[in-house]
Amino acid sequence: MERYVCIHCHFYQPPRENPWLEAVELQDSAYPYHDWNERITAECYAPNGASRVLDSEGRIVKIVNNYARISFNFGPTLLSWLEENAPRVYDAILEADRESAQQFSGHGSALAQPYNHMILPLANRADKYTQIQWGVRDFEHRFRRRPEGMWLPEAGVDTETLDMVSDFGITFVVLAPRQAGQVRKLGARAWREDEPVDPTRAYLMRLPSGRSLNLFFYDSPISQAVAFEGLLANGETFAKRLLSGFSDTRDWPQLLHIATDGETYGHHHKYGDMALAFALDYIESNNLARLTNYGEYLAKHPSTHEAGIKENSSWSCVHGVERWRSDCGCNTGGRADWNQQWRAPLRAALDWLREQLNPKYEEKARSLLKDPWAARNDYINVVLDRSPESLNRFLLKHAHLGEIPAIVGESYDPLPYEKKVTILKLLELERHLMLMYTSCGWFFDELSGIETVQVIMYAGRAVQLAQDLFGDQIEQGFLERLALAKSNIPEQKDGAEIYRNLVEPAAIDLPKVGAHYVISSLFERYGEQASIYCYSVDRSDHRLFESGRARLVLGRARVCSNITLECAELMFGALHFGDHNLNAAVRHFRDQDAFENTVRECSEAFLSADLPQAIRALDRQFEGITYSLKSLFRDEQRRVVSAILDSTLAEVETSLRQLYERHSPLMSFLSDLGTPMPKVLNLTAEFAINSGLRRALEEPDLDLERIRVLLDVAAREKVPLDNAGLSFALKCTLEGMMEQFLAQADDIVLLEKLVSVVILRSLPFEVSLWKVQNLYWEMLREVRPVFQARDDAQSREWLAHFDSLGEKLKIRVPQAKPTEVPTAA
């Protein structure tokens, strides 16, 4: 009897973008990476696109795209981030779906997902429909085909959701076995209430609409072992455990399939991607089962049984969907003395906000849009493509328009500016009213956790838009309800306090964007047009005055949101004293005479070296609305502060290095004696050695001897190293060298330098060679054959060094000459 294996991976991260900037800001907890998306991409998403299969000696014999051989779904918001920030990884995911269609009888392996991971059984009908439609449209936009299957957030399911899913042409979903209700064979009259679902077959569910949908219930014990029992420690063991799910007692084509978070393979379990790659290769190369995906299996083996579901159930809460609305006991186990009683009042506050604002949206939108809810459903096309042409197509379809010209070109503007801004604000309001229900806000243990704060920030953006649109003060009512959600951490108090401390300071308007622009312009050069996250700045005047270390900048610019198209003409001024102290001010531009008067008064005071008078002039002209370094957005704030600190840190580093060098013999003597080192000397050595190592590892021309000396000293004197930071620095340097070599393959000196980095074997910290190995693998297949074909002394020398580099990178290098040789590198 036929045996099939399908591994489904649910790849997803909560959206982490600042709702006002539409970008992920610096997250220190992800060090040495910029943010958690970047870190998890490096640990999981990228490795699975180029995973290693090793031989018995631990050498790489294959680099494979795991995505092409499994079933997978990516959250649309995560794919959006990957598209912009990790395009190679994004392309590998899309290419994998195309490859899988070729391998699996025309059925691509990618599944769709409702847009922002909302728990659909807890959503109202309108939100369910929009979430599904947005997920399907996002999928079509990226994968260029209709989705066959859909992964539901947290596998949360009810009959209404499944009926809606089927309405979009979806043919199957994947659920946990405990979500199955009654089952029976197709054509049988009686339901079997006591019969457990068999995960090796598909089931049909008949829906109230008269449509039907196929249900796959994954193998729970093996899925649990992958996620929580260390099964990924060995690829062969993983493969054999998968095969143990088959039974000779079954007389139908068996589908052994599991489902886990995709982050299991690399982020939660280091090298999990390699265990996955090896297991798939082991099964396939030994003909132990046929790899497949759900679409192919269903096409070949339609459902012979039908099943119902347990309403309002999920895969990660044994209480149904209570984890996302009550203190059901499900948590991540952070603190035994904490509770999750905050979940219910948080959801109640968001529900109240939605129910207050949806009628106002509908009422105001009716005067501008033919059908406010149809327009909301279609707004995903604008989210995916915010070009003027895309927006105009949307407005031509949905907006109430005046008389339209007989011939409409791409440059035709169907609505005046004010109406377009209002329409976009209304639709952005609705987008954020959905984003605030992202499931991660309730999944974890604490109200003040970053995931929960994120959903409150989405609510904060909705509140700001509502006050712009409707002029009411809805924020107070929302805060009163948020205050009922109590934090486990006394100093955090409650949801209202978290909102005041973390959400209000993050809120941005156009003057604040202007303030960021003028402050950052003191530290970097901007052209007449500049982009600041999702805003554009068109500068019309800029005047810089200098006096010693102090600088004064004055100017005016038009600042626009690329999301709502709202614009403001602003004038600005900033006074920098040469250190971390600065005063900046922004106000709406009135007229050129007022601007010139501001320039004259402020510059005269500044150039007369009367800085207090200059501050007072700035204060008068801008009516007391001032900003400081704290007003900068987080990434730019860190960059500017680092620039300001550069000279200070250089002085400190020089002093500490001199102290260390002066007292190093004493420290060595104390170390030899086994005498505890005075703390002050320890700190001096730690700073000096780590800073010296970081500089040495960041140099393009690595000084290996210097690095060895510093590492020997650190080991001898037991100096703690910044392993994460040093590892990251060397990784980036090696990747830069390898990219340079790929571009200049004939550079044998650079090749020798790469080979000479034998220090990789003796480092006290691990360095990711993933990208370096990928680039080497590319050259192994495309460049090495060219040098083999030349067969001259220089090429033989190149091959000897190149093969030696492969040995150091633990890549198996084939020695036989290829039968076909490319004509060019």
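Scroll up a little and you will see the structure.
A few points on the structure.

Criteria and thresholds
Residues numbered from 1 in each chain as written. Predicted model: local features only at pLDDT ≥ 70, side-chain atom pairs only at ≥ 80, totals over all residues. Heavy atoms only, no water. Axes fitted to C-alpha atoms, helices over the stretch in contact; angles between N-to-C directions. Helix = DSSP H or I, 4+ residues; strand = E, 2+ residues; numbered from the N terminus. Parallel < 35°, antiparallel > 145°, perpendicular 65-115°, else oblique. Left-handed = near helix turned anticlockwise from the far one by under 90°. Contact = heavy atoms within 4.5 Å. Salt bridge = Lys/Arg side-chain N within 4 Å of Asp/Glu carboxyl O. Buried < 20%, exposed > 50% of the residue type's maximum accessible area, 1.4 Å probe, protein only. Polar contact = N/O pair within 3.5 Å; in protein donor to acceptor, adjacent residues only side chain to side chain. Disulfide = S-S within 2.5 Å. Phe/Tyr/Trp six-rings, centres within 6.5 Å; stacked < 30°, edge-to-face > 60°. Lys NZ or Arg CZ within 6 Å of the ring centre and 35° of its normal.

Overview of the packing of helix α6 (residues 220-228) against helix α7 (residues 235-243)
Consideration 1: Where α6 meets α7, the axes come as close as 10 Å, and the angle between the chain directions of the two elements is 165°. Taken as axis vectors, α6 and α7 run roughly antiparallel relative to one another. Between α6 and α7 lies a crossing of right-handed hand. For the pair formed by α6 and α7, the contact residues are Pro221, Ile222, Ala225 and Val226 on the first element and Phe238, Arg241 and Leu242 on the second.

Some words on the side chain of lysine 420
Consideration 1: Take lysine 420: it is sitting in helix α14 (residues 417-435).
Consideration 2: Not counting chain neighbours up to four residues away, the residues in contact with lysine 420 comprise Leu391, Leu395, Asp413 and Leu415.

Focus on the pattern of salt bridges
Consideration 1: Taken as a whole and assessed by the stated rule, the structure comprises 60 salt bridges.
Consideration 2: The partner of arginine 376 in a salt bridge is glutamate 430, with the nearest N and O atoms 2.8 Å apart. Taken together, the residues arginine 376 in helix α11 (residues 372-378) and glutamate 430 in helix α14 connect sequence positions 54 residues apart.
Consideration 3: The exposure class assigned to arginine 376 is buried, which follows from its relative accessible area of 1%.
Consideration 4: When salt bridges with common partners are traced through the structure, they connect Asp127, Asp351, Arg354, Glu355, Arg376 and Glu430 into a single cluster.

Digging into the packing of helix α25 (residues 723-743) against helix α27 (residues 770-782)
Consideration 1: The contact between α25 and α27 brings their axes to 9 Å, and the two run at 15°. Overall, the two elements α25 and α27 adopt an arrangement that is roughly parallel. By crossing handedness, the relation of α25 to α27 is classed as left-handed. Each of Leu734, Glu735, Met738, Glu739, Phe741 and Leu742 in α25 lies in contact with α27, whose residues at this interface are Lys771, Val772, Leu775, Tyr776, Glu778 and Met779.

Re α6
Consideration 1: Along α6, the residues that are buried comprise Ile222, Ser223, Ala225, Val226 and Ala227.
Consideration 2: Its buried side turned inward, α6 meets α7 and β11 (254-261).
Consideration 3: Taking the backbone nitrogen of isoleucine 222 as reference, a side-chain oxygen 3.1 Å away marks aspartate 219 as the first, capping residue of α6.
Consideration 4: Looking one or two residues beyond α6, the residue adopting positive phi is glycine 230, at roughly 70°.

Looking at the state of the cysteines
Consideration 1: Enumeration according to the criterion identifies one disulfide in this entry.
Consideration 2: We note that cysteine 317 lacks a disulfide partner, and the nearest cysteine sulfur, in cysteine 330, lies 3.8 Å from it.
Consideration 3: Judged by relative accessible area, which is 1%, cysteine 317 ranks as buried.
Consideration 4: There is no disulfide at cysteine 440, and the cysteine sulfur nearest it, in cysteine 317, is 15 Å away.

Here's the deal with the packing of aromatic side chains
Consideration 1: As enumerated under the stated definition, the model contains 34 aromatic pairs in all.
Consideration 2: Arranged with centres 4.2 Å apart and planes meeting at 15°, the rings of tyrosine 776 and phenylalanine 802 form a pair that is stacked. Of this pair, tyrosine 776 sits in helix α27 while phenylalanine 802 sits in helix α29 (residues 793-808), and the two are 26 residues apart along the sequence. Each of the two residues, tyrosine 776 as well as phenylalanine 802, counts as buried.
Consideration 3: Pairwise contacts between aromatic rings join Tyr4, Phe172, Phe216, Tyr294 and Tyr297 into one cluster.
Consideration 4: When the ring centre of phenylalanine 589 is taken as reference, the NZ or CZ atom of arginine 556 above it lies at 3.8 Å.
Consideration 5: Over the face of the ring belonging to phenylalanine 622 we find arginine 587, whose NZ or CZ atom lies 5.9 Å from the ring centre.

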